[in-house]
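Examining the three-dimensional arrangement
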Amino acid sequence: MPTKNVSQGSCPCGGPTLAACCGPYLAGEALPPTAEALMRSRYTAYTQRNEDYLRATWHPSTRPHDAILDQDENLRWLGLEIKSALRLRQRKAELPDNPDSDRDSDRNTVEFVARFKVGGRAHRLHEVSRFLREPDPMLGGIPRWFYLDGTFPK
């Protein structure tokens, strides 16, 4: 999965540089270690119109069959704000002998607002995204985070 300008400039997700932030994930050199890191790298992939990365990181059970990106759309991403990265297991982990605590460490939620312009008009995408970590058959069974789906708070 090629990426552009990995060593130059700030990262579109808000990180200090692309090389020190999302660049290695987009280049296939590393896997995002957390759901939030995956969400940030997916935002960066959207800014770069990197369809391959978006497909690879979208869970197969919910991945669209059609194109994710419209290459002809006049869209410009303006910024990302992470509202919260919530571990679904936080409260459960505090309970002794909870059989769900290990399983829930492989599920996470990230709430964010992404700002963009389409045809010169500003928009906001406010989403609560669900992520799942599980073995990836394409990587020989190495566990990785996948985007599962999202909801849009009012």
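For the structure given in this document, a descriptive report is provided here. Given the structure is predicted, the values throughout are model-derived calculations rather than measurements.

Conventions we followed
Residues numbered from 1 in each chain as written. Predicted model: local features only at pLDDT ≥ 70, side-chain atom pairs only at ≥ 80, totals over all residues. Heavy atoms only, no water. Phe/Tyr/Trp six-rings, centres within 6.5 Å; stacked < 30°, edge-to-face > 60°. Helix = DSSP H or I, 4+ residues; strand = E, 2+ residues; numbered from the N terminus. Buried < 20%, exposed > 50% of the residue type's maximum accessible area, 1.4 Å probe, protein only. Lys NZ or Arg CZ within 6 Å of the ring centre and 35° of its normal. 1 Å grid on protein atoms, 1.4 Å probe; cavity = no way out; pocket = protein on both sides within 12 Å on 5 of 7 lines; lining within 4 Å. Points joined across faces, edges and corners; volume = space filled by probe spheres on them. Nonpolar A, V, L, I, M, F, W, Y, C, P; charged D, E, K, R; others polar. Contact = heavy atoms within 4.5 Å.

1. A look at the packing of aromatic side chains
All chains considered together, the criterion is met by five aromatic pairs. Plain terms: the ring middles of Y46 and W77 are 5.9 Å apart, the flat faces sit at 55° to each other, and that makes the pair tilted. Placement of Y46 in helix α2 (residues 35-48) and of W77 in strand β1 (residues 75-87) is noted, with a sequence separation of 31 residues between them. For Y46, a relative accessible area of 22% translates into the label partly exposed. Taken together, a centroid distance of 5.1 Å and an interplanar angle of 85° make the contact between W58 and Y147 edge-to-face. Of this pair, W58 sits in the loop between α3 (51-56) and β1 while Y147 sits in strand β4 (residues 142-151); the two residues are 89 residues apart in sequence, bridging distant segments of the chain. Each member of the aromatic cluster is reached from another via a ring pair, and the members are Y43, Y46, W77 and F116. Across the ring face of F146, the terminal group of R144 is positioned such that the distance to the ring centre comes to 5.6 Å.

2. Observations regarding the layout of surface pockets
Computed from the structure, the largest pocket encloses a volume of approximately 260 Å³. Along its surface, the largest pocket is lined by 14 residues, and R42, Y46, F112, L125 and E127 are the ones closest to its centre. Going through the elements one at a time, α2, β2 (107-118) and β3 (121-136) are the ones with two or more residues in the lining of the largest pocket. Its residues placed into classes, the lining of the largest pocket shows 11 nonpolar, one polar and two charged. Of the volumes computed, that of the second largest pocket is approximately 180 Å³. Considering the residues around the second largest pocket, the lining is formed by Y46, R49, I68, L69, D70, E73, L75, W77, F116 and L125. Across the lining of the second largest pocket, the residue classes tally to seven nonpolar, no polar and three charged.

3. What about the environment of G150?
Position of G150 relative to the elements: it lies in strand β4. According to the relative accessible area criterion, G150 is partly exposed, its value standing at 25%. In this structure the C-alpha to C-alpha distance between G150 and F131, which are 19 residues apart in sequence, comes to 8.9 Å. Among all residues touching G150, those that are not within four sequence positions of it are E127, V128 and S129.

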